[in-house]
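Structural characterization, general
Below, each chain spelled out in residue letters.
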Amino acid sequence: MQLIINGERKESHAKTIKALLDELGIESKVMAAAVNMNVVKKELWESYELEQNDKVEFLQFVGGGA
């Protein structure tokens, strides 16, 4: 199915957020996920089902400052 992942349209066979993270190989870096602008709690990533053309955003928190 087609998904928009962090602003890029991609083809994916993943059915859930967890499966998508595994497919992309980025699970350990991701701290938050949103689908269609709605934050999905981490405990729901294994069961949250993705649909065609969903807009998925993966966020990671980076420390820093001046």
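Below is a short write-up of the structure. Position labels on residues start from 1 in each chain and follow its written sequence. A pLDDT threshold of at least 70 governs which residues receive local features in this predicted model, and a stricter bar of 80 or more applies before side-chain atom pairs are shown or counted, although totals over entire chains, interfaces and linings include all residues. Hydrogens and water are ignored here; the side-chain numbers use all heavy atoms of the structure.

**Quick word on the pairing of strand β1 (residues 2–5)**
Convention followed: The rule for pairing is simple: two strands pair if DSSP sees at least two bridges between them. Helix and strand assignments follow DSSP, with helices taken as H or I runs no shorter than four residues and strands as E runs no shorter than two, numbered in order from the N terminus.
Sheet topology note: the β1/strand β2 (residues 8–11) ladder contains 4 bridges and is antiparallel. Note that in β2 the partner of Gln-2 across the bridge is Glu-11. Following β1, the chain reverses through 2 residues before pairing antiparallel with β2; Asn-6 in that reversal takes a positive phi of roughly 45°. Pairing geometry for β1 and strand β5 (residues 55–59), over 2 bridges, is parallel. Of the residues in β5, the one forming a bridge with Ile-5 is Val-56.

**Thoughts on unusual backbone geometry**
To keep things clear, this is the line we draw: When accessible area is computed with a 1.4 Å probe and restricted to protein chains, residues below 20% of their type maximum are described as buried, those above 50% as exposed, and intermediate ones as partly exposed.
In this structure, Asn-36 is a non-glycine residue whose phi angle is positive, near 55°. Along the polypeptide, Asn-36 turns up in the loop between β3 (32–35) and β4 (38–40). Here Asn-36 falls in the partly exposed class, since its relative accessible area comes to 36%. Residues other than glycine seldom take positive phi values, yet Asn-53 does so here, at roughly 70°.

By themselves, these are just geometric observations and shouldn't be taken as functional.
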